[in-house]
Amino acid sequence: MNILANLNPAQREAAEAISGPVLILAGPGSGKTRVITHRVAYLIKTCGVSPRSIMAVTFTNKAAREMEERLINLVSGSVQDLTLGTFHAICVRILRTSGTVANIDPQFVIYDREDQISVVKRSIQEADFDPKQYAPGAIIAAISSAKSRMLSPVEFVKTERNYFDEVVSRVYENYQRILEESNALDFDDLLMKTVLLFRDYPDILARYQSRYVHLMVDEFQDTNLVQYELIKQIGGKYRNICVVGDPDQSIYSWRFADVRNILNFEKDYPDVRVVLLEENYRSTKTILETASCIISANQQRKPVNLWTQNDEGTSTVVVETYTEQEEAQFVVSEIERLVEQGEHTLGEYAVMYRTNAQSRVLEEAFVRYGMPYKLVAGTRFYERREVKDIIAYLRLIQNPHDSVSLMRVINVPQRGIGQQTQLKLAAWAKSMGVSQFEALTRMNGESIDNLKSPFNSHISRVLKVFSELMEELISRSKELKLTELFDLVVERSGYKEYILNEVSGDGQERWENILELRSVAQKDYGDLSPQECLAAFLEEVTLVSDVDGLDESFSAVTLITLHQAKGLEFPVVFIAGMEDGLLPHFRTFDDPMQMEEERRLCYVGVTRAKQHVYLVRAFRRSLMGRSQVSEPSRFLNDIPKHLISTGDWKDGSENAVFPSIQTWNKPAATSTPTAVVSEYQAGDHVYHAQFGQGVVVSCHPVKNDAEIVIAFNGAVKKLLLSFANLEKTD
DNA sequence: CGAAAGGCTCTTTTT
DNA sequence: GAGCCTTTCG
């Protein structure tokens with residue numbers, strides 16, 4: 001059987017070009033993923049290349065997982081030895097296995113954004129700057145920018161151009177020192193340290209170069225210079241490098257991704273073979289034309305010729321509502337209307353938006369209607385306080401030098417180790433030149449250079465209890481299975497008791513999040529040693545991307561940011577918040593380059609759709625508390641009138657009177673008497689028409705109604721009692 | 001030391 | 001409208 005039989009000529013050319021550098025410029029919906037997977041399958045099956053010799057880089061872990069699944073089907077065999085994952089995940093593996101020579105302790109932990117903020121704050125203070133004067137975010141961005149150019153603190157100093165740079169360089173110096181002392185790497189370090197490792201140790205690079213005969217990189221338009229360099233290094237021997245991208249979908253320049261990588265690729269590899277994928281298989285002609293008109297207004301771009309054999313399809317629907325609440329109601333009721341007409345199932349709808357803040361109002365509407373939805377990374381699971389606390393304990397066990405985690409949990413639950421004590425501990429450790437944890441272990445024993453412990457006997461005892469707790473956990477971690485260790489941590493730290501007795505009353509919910517984290521730890525990590533399991537678990541929870549958690553096992557409307565939507569497709573797409581100030585975002589108004597990126601973002605959104613696109617906006621919207629009036633998105637002006645319909649719910653005139661909510665709403669909310677509330681109690685079994693069987697977690701009155709939280713199979717939902725239409729069951 | 005209360009500033013997008 | 005920080009009091 002010919003693996004490439006079902007590809008069109010251009011796709012086949014791209015898949016067959018296995019030697020030398022290849023650049024695939026793939027428009028949206030042109031079967032890019034298909035080409036990549038078939039290319040790998042072709043290498044393995046037809047050309048007899050060992051999976052071990054292939055590295056394929058994807059943008060998210062989800063994309064990697066899907067590619068693996070498809071490959072298993074295509075090659076009907078194991079692809080275990082294939083190196084497949086994100087740049088970050090691949091670099092972690094390289095650094096853990098080969099980094100020791102470059103002084104990288106394989107037990108390193110990875111600092112995420114929140115950890116970075118905490119380190120930057122400390123760094124600002126240590127540099128004697130006013131922490132209120134400099135936004136940690138801005139400094140992190142500057143440091144990240146430096147690392148994306150592979151500048152160490154020392155090298156960064158030489159590039160200083162203004163006072164802010166000077167501030168940054170001094171903070172950067174502290175920041176990097178704290179990371180080193182903590183045996184921690186941030187996201188940028190993972191990439192940069194790998195490139196430096198290869199640069200400084202050619203023999204190690206040579207090993208990887210010989211192994212990876214074939215390299216492939218997806219979403220190449222969103223790679224940064226370090227990632228480019230890494231590919232150049234590893235592919236240096238065989239030069240069989242295939243990169244796939246679309247400049248029109250470059251939307252991560254704020255993360256220092258650089259589209260110029262595509263141009264440079266053609267320069268660095270003059271013998272490159274360029275393949276254009278221009279036939280779109282995803283969208284209707286109308287959708288494709290709408291998208292083309294939006295993107296064509298960009299100045300900095302080469303024209304491309306996208307086309308499709310698909311039908312004309314329906315008009316692009318442009319809708320204006322009065323407020324963002326009505327916008328949300330329109331979206332939900334429109335979906336309901338379409339579903340009732342038999343147009344697609346709920347899982348085939350997506351609602352996209354520019355900012356995460358927009359999701360809340362949308363979510364509320366879905367809850368009120370009792371319509372199932374999935375919010376991609378709503379209040380991101382791994383960023384929740386209780387989840388991060390437990391992760392911090394586990395990180396501390398893996399790597400006791402991790403000062404951010406230490407400071408996070410040393411007094412959670414409260415152990416009487418307050419801020420003053422923590423500051424003293426930090427200062428004492430610094431004076432001895434050891435990590436804070438090491439200082440703790442010296443509480444009673446000998447101190448270095450006669451630097452005696454600064455604590456009184458009471459505090460000393462409290463600190464000793466904590467350090468003994470950690471030492472016990474560390475020693476048990478060497479023999480216990482991951483879930484056993486997890487349970488031990490939660491019990492012995494006192495965290496379980498602490499969280500369940502929270503005064504705020506959401507202790508139960510937080511505890512359930514911890515149990516959910518535990519279920520991740522429960523998964524099969526193969527036959528790794530306890531230490532390796534712990535490392536694998538921590539790596540997984542740090543490098544997850546939000547879309548990775550997108551659950552496709554049940555049918556519900558997807559709520560997602562435009563950035564997260566990249567690479568996905570849905571039959572029906574709503575883009576909410578089509579307003580100047582939101583899309584394009586007002587922070588981009590004074591920068592033409594950024595403005596072009598906003599346009600690309602809009603293009604990405606529209607091109608996700610297969611059948612129908614709705615562009616929705618609200619006339620009035622509250623932003624940061626204030627209610628503001630906004631103009632329609634300037635991008636709407638670029639869509640020719642003949643592609644648009646404004647829907648029949650509005651009379652079309654500029655000053656239309658907006659229909660009252662009731663015209664699209666379900667029957668008005670009949671207020672539920674408070675007495676009914678007590679009808680439901682935690683533990684009751686109930687039935688819901690869409691979610692099925694569930695158990696009541698909590699129920700409390702709000703205004704004339706009640707908010708009821710129910711655990712359904714696999715998902716916990718918060719519903720408004722009057723809309724939920726519950727049936728009590730036994 | 002810790003809990004509670006009040007005041008402050010933001011909010012783009014994320015591996 | 002929320003999360004973070006500071007202040008205040010016990």
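The structure under discussion appears in the preceding block.
Rules of the game
- Residues numbered from 1 in each chain as written.
- Chains lettered and ligands numbered in written order.
- Predicted model: local features only at pLDDT ≥ 70, side-chain atom pairs only at ≥ 80, totals over all residues.
- Heavy atoms only, no water.
- Helix = DSSP H or I, 4+ residues; strand = E, 2+ residues; numbered from the N terminus.
- Buried < 20%, exposed > 50% of the residue type's maximum accessible area, 1.4 Å probe, protein only.
- Contact = heavy atoms within 4.5 Å.
- Areas by Shrake-Rupley, 256 points an atom, 1.4 Å probe, with all protein chains shown as cover.
- Near = heavy atom within 4 Å.
- Polar contact = N/O pair within 3.5 Å; in protein donor to acceptor, adjacent residues only side chain to side chain.
- Nonpolar A, V, L, I, M, F, W, Y, C, P; charged D, E, K, R; others polar.
- Pairing = 2+ DSSP bridges.
- Core = buried A, V, L, I, M, F, W, Y, C linked by side-chain atoms within 4.5 Å.
- Axes fitted to C-alpha atoms, helices over the stretch in contact; angles between N-to-C directions.
- Parallel < 35°, antiparallel > 145°, perpendicular 65-115°, else oblique.
- Left-handed = near helix turned anticlockwise from the far one by under 90°.
- Phe/Tyr/Trp six-rings, centres within 6.5 Å; stacked < 30°, edge-to-face > 60°.
- Lys NZ or Arg CZ within 6 Å of the ring centre and 35° of its normal.

A. A look at the overall build of chain A. In terms of helices and strands, chain A carries 27 helices and 23 strands. Counting the 730 residues in chain A, one finds 54% classified as buried. Considering only residue pairs separated by 6 or more positions, chain A has 74% of its internal contacts joining residues 24 or more positions apart. If you sum the accessible surface of chain A, you get close to 33200 Å²; carbon and sulfur atoms cover 49% of it.

B. Quick look at the protein's contact with DNA strand B. Around DNA strand B there are 26 residues in total, and Arg354, Asn356, Gln414, Thr421 and Met624 lie nearest to it. Within 4 Å of the protein, the contacting atoms of DNA strand B are drawn from sugar and phosphate to the extent of 56%. Within the contact set of DNA strand B, a phosphate oxygen lies 2.7 Å away from a side-chain nitrogen or oxygen of Gln414. In this structure, Thr421 approaches DNA strand B through a side-chain N or O atom, which is 2.4 Å from a phosphate oxygen. Among the residues forming the surface near DNA strand B, the class breakdown is 4 nonpolar, 16 polar and 6 charged.

C. How the structure looks around the pairing of strand S15 (residues 570–575). Counting buried residues along S15, 6 of its 6 residues qualify, which places the element largely inside the surrounding structure. Note that strand S12 (residues 349–353) and S15 share 4 bridges and pair parallel. Counterpart to Ala350 in the pairing with S15 is Val573. Bridge analysis of S15 against strand S16 (residues 609–623) gives 5 bridges, and the strand direction is parallel. By the bridge assignment for S16, Val573 is matched with Val613.

D. Examining the nonpolar core more closely. If you look at the biggest cluster of nonpolar residues, it comprises 53 residues, and the most contacted ones within it are Leu394, Ile397, Phe466, Leu517 and Phe537. When sequence neighbours within four positions are dropped, the list of residues in contact with Phe537 reads Leu394, Leu482, Leu517, Val520, Ala521 and Tyr525. Among the nonpolar cores identified, the runner-up in size contains 40 residues, and Val57, Phe108, Met150 and Ile241 belong to it.

E. Region of interest: the packing of helix H23 (residues 507–521) against helix H24 (residues 530–543). Following both chains from N to C, one finds H23 and H24 inclined at 120 degrees, their axes separated by 10 Å at the closest point. Between H23 and H24, the angle falls in the class oblique. Crossing of H23 against H24: the hand is right-handed. Together, Leu517, Val520 and Ala521 of H23 and Phe537, Glu540 and Val541 of H24 make up the contact between the two elements. Grouping the amino acids of the contact of H23 with H24 by side-chain chemistry returns 5 nonpolar, no polar and 1 charged.

F. The packing of aromatic side chains, seen in detail. Applying the stated criterion across every chain yields a total of 13 aromatic pairs. With 5.3 Å between their ring centres and 55 degrees between their planes, Phe198 and Tyr208 make a pair best called tilted. Of this pair, Phe198 sits in helix H9 (residues 187–200) while Tyr208 sits in helix H10 (residues 202–211); the two residues are 10 residues apart in sequence, bridging distant segments of the chain. Among the residues examined, Phe198 registers a relative accessible area of 1% and is labelled buried. Classification of Tyr208 as buried rests on a relative accessible area of 11%. Ring centres of Phe220 and Phe265 lie 5.7 Å apart, and the angle between their planes is 70 degrees; this geometry places the pair in the edge-to-face category. Highlighted residues: Phe220 in the loop between strand S6 (214–217) and helix H11 (225–234) and Phe265 in helix H12 (residues 260–268), separated in sequence by 45 residues. Each member of the pair, Phe220 together with Phe265, is buried. Every member of this aromatic cluster is reached through a ring pair, and the members are Phe220, Tyr228, Phe265 and Tyr269. One Lys or Arg, Lys566, reaches over the ring of Phe59 and ends 3.5 Å from the middle of that ring.

G. Geometry of the protein's contact with DNA strand C. If you check the shell around DNA strand C, you find Lys121, Arg360 and Met624 and nothing else. The sugar-phosphate portion of DNA strand C accounts for 89% of its atoms within 4 Å of the protein, the bases making up the rest. Within the side chain of Lys121, one N or O atom sits 2.5 Å away from a phosphate oxygen of DNA strand C. At 2.4 Å from a sugar or linking oxygen of DNA strand C is found a side-chain nitrogen or oxygen belonging to Arg360.

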